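# Understanding the architecture of this molecule
Chain residues, written in single-letter form:
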Amino acid sequence: MAISAADRKRVKSQGFLSNRDGEHFSVRIITENGVLSASQLKNLSEVAERFGNGNISFTSRMTLELPGISFENIEAVKEYVAKDGMVTGGTGAKVRPVVSCKGSVCTFGLLDTQAIATQIHKRFFEGYGNVTLPHKFKIAVGGCPNNCVKPDLNDFGITGQNRPVLNTEACRGCKKCLVESSCPMQAAHFEEGTCQINRELCNNCGICQRKCPFGAIETHTSGCRIYIGGRWGKQIRHGSMLKGIFSVEEALDILEKSILLFKEKGQPHERFGSMIDRIGLDKVEQELLEGDLLQRKQQILEKA
Ligand code: SF4
Ligand code: SF4
Ligand code: SF4
């Protein structure tokens, strides 16, 4: 049966991407936060065997694709995965599925990344599911400055932060300072009888706070760094870092403002990073940190 271009476009928007043979489709399954239950995995194995070619592939953005599905079976696949609470999709000029690292369980994790990803999924992937943007909008949540999920190469990236401060009264001026020897950025130095932290070099990884046997390194601020306008692909742009460390709640509000600003000011087919370069980072940062975008949400979303 010949499949029309209109039908291909329609099913692509539902997460069914044409295979190279021109006859079959790969269905893209959204994982919400990169975690699937055993029951969901079993369901997908059954879908692959019943409707696909028996294979399941992992995408670079934490979704799964099952290739080899015929056009006639698309509705059956959607119904089958829905039995275990899964949906298909994740294409088009809109908020894309969020990617997070395993910061929730990782020994370096400073954020509950998977829980934050679920929040983002519900509030923005689902909440803005019907909102057409100038281009795709990718989001990543990383648990620490090791940047395993490369947050700064996404339109909006969050990285966990734990900014240390030395309690000079608790510091005993040890002969061998464990903070100095454990700092991966060589930001901590033993000088003048105590440990000093070079703020220019410190990336707020928080490792030193676990190393001092006398608890002399305390938390000054914990939260998130935010990067905006990153991209990786045909063109590359490292995300611009916003000034400051933000709470998760603040970061999610800034994320919502970023999406609204992109909707309001982005030109057709323009990525968020290009929009930032066109408007100017200072202006964009001011809008995101001080602007009234959330108050104007309804008005912005009514824009065609
Ligand atoms: S970014 Fe940090 S918290 Fe996340 S997986 Fe990598 S090391 Fe772990
Ligand atoms: S920071 Fe901790 S390990 Fe380093 S000199 Fe002070 S007390 Fe010793
Ligand atoms: S937070 Fe990380 S980079 Fe900064 S001083 Fe501590 S160990 Fe070094």
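Residues numbered from 1 in each chain as written. Chains lettered and ligands numbered in written order. Predicted model: local features only at pLDDT ≥ 70, side-chain atom pairs only at ≥ 80, totals over all residues. Heavy atoms only, no water.

Below, the discussion takes up the packing of helix α2 (residues 38–50) against helix α3 (residues 74–82). Think of two packed helices as two axes; the pair is described by the angle between the axes and how far apart they sit. Between α2 and α3, whose axes approach to 9 Å, the crossing angle comes to 160 degrees. Classified by the angle their axes make, α2 and α3 are roughly antiparallel. The interaxial crossing formed by α2 with α3 has right-handed handedness. Residues Asn43, Leu44, Glu46, Val47 and Arg50 of α2 form the contact with α3, whose participating residues are Val77, Tyr80 and Val81. (Axes fitted to C-alpha atoms, helices over the stretch in contact; angles between N-to-C directions. Helix = DSSP H or I, 4+ residues; strand = E, 2+ residues; numbered from the N terminus. Parallel < 35°, antiparallel > 145°, perpendicular 65-115°, else oblique. Left-handed = near helix turned anticlockwise from the far one by under 90°. Contact = heavy atoms within 4.5 Å.)

Here we come to the side chain of Ser26. Here Ser26 shows up in strand β2 (residues 24–29). A polar side-chain atom of Ser26 sits 2.8 Å from a polar atom in the side chain of Asn19. If we skip the residues at most four places from it in the chain, Ser26 touches Gly15, Phe16, Leu17, Asn19, Glu65, Leu66 and Pro67. (Polar contact = N/O pair within 3.5 Å; in protein donor to acceptor, adjacent residues only side chain to side chain.)

Moving on, we come to the site of ligand 1. Taken together, Cys101, Lys102, Gly103, Cys106, Phe108, Gly109, Gly143, Cys144, Asn146, Asn147 and Cys148 form the complete shell of residues around ligand 1. Broken down by class, the residue content of the shell around ligand 1 amounts to five nonpolar, five polar and one charged. (Near = heavy atom within 4 Å. Nonpolar A, V, L, I, M, F, W, Y, C, P; charged D, E, K, R; others polar.)

Time to look at the environment of Asn33. Looking at the element boundaries, Asn33 is found in the loop between β2 and α2. With 82 residues separating them along the chain, Asn33 and Ala115 place their C-alpha atoms 7.6 Å apart. In contact with Asn33, other than residues within four places in its own chain, are Met62, Ser100, Gln114, Ala117 and Thr118. At a separation of 3.2 Å, a polar atom in the side chain of Asn33 contacts the main-chain carbonyl oxygen of Gln114.

Further remarks concern the packing of helix α4 (residues 113–126) against helix α7 (residues 248–265). Contact pair α4 / α7: the axes reach a minimum separation of 12 Å and the direction vectors enclose 35 degrees. Considering only the axes of α4 and α7, their crossing is right-handed. Of the residues in α7, those in contact with Ile116, Gln119, Ile120, Arg123 and Phe124 of α4 are Val248, Leu252, Asp253, Leu255, Glu256 and Ile259. Here the residues of the contact of α4 with α7 are counted per class, giving seven nonpolar, one polar and three charged.

Every second residue of strand β6 (residues 139–142) is oriented toward a common face, with Ile139 and Val141 on one face and Ala140 and Gly142 on the other, all of them buried. As judged from the two bridges shared by strand β5 (residues 99–100) and β6, these two strands associate in the parallel manner. If you follow Ser100 over to β6, its bridge partner there is Val141. In the sheet, β6 pairs with strand β7 (residues 156–166) via four bridges, with the strands oriented parallel. Bridging from a neighbouring strand, Ala140 pairs with Gly157 of β7. (Buried < 20%, exposed > 50% of the residue type's maximum accessible area, 1.4 Å probe, protein only. Pairing = 2+ DSSP bridges.)

The subject of this paragraph is the sheet that holds strand β4 (residues 64–70). Sheet architecture is open: four strands sit in the order β1-β2-β4-β3, paired in antiparallel fashion. In this open sheet, the two strands that pair with only one neighbour each are β1 (16–18) and β3 (57–58). Both β3 and β4 contribute to a ladder of two bridges, which runs antiparallel. Following the sheet pairing, Ser57 is matched in β4 by Glu65. Along the sheet face, helix α1 (residues 5–12) touches β1 and β2 and points at about 135 degrees away from the line of β1.

Taken in spatial order, the five strands line up as β5-β6-β7-β10-β11 in an open sheet, and their pairing is mixed. Two strands in the sheet have a free side with no partner beyond their single neighbour: β5 and β11 (240–241). The sheet contact formed by strand β10 (residues 217–228) and β11 spans two bridges and is antiparallel. Looking at the pairing, Tyr227 lines up with Met241 of β11.

Right, let's talk about the pattern of salt bridges for a bit. Here the structure, examined in full by the defined rule, presents 14 salt bridges. Notably, a salt bridge pairs Glu65 with Arg28, separated by 3.0 Å at the nearest N-O pair. With Glu65 in strand β4 and Arg28 in strand β2, this residue pair connects regions lying 37 residues apart in the sequence. When its relative accessible area of 15% is taken as the criterion, Glu65 is described as buried. One connected set of salt bridges, linked through shared partners, spans Arg123, Asp253, Glu256 and Lys297. (Salt bridge = Lys/Arg side-chain N within 4 Å of Asp/Glu carboxyl O.)

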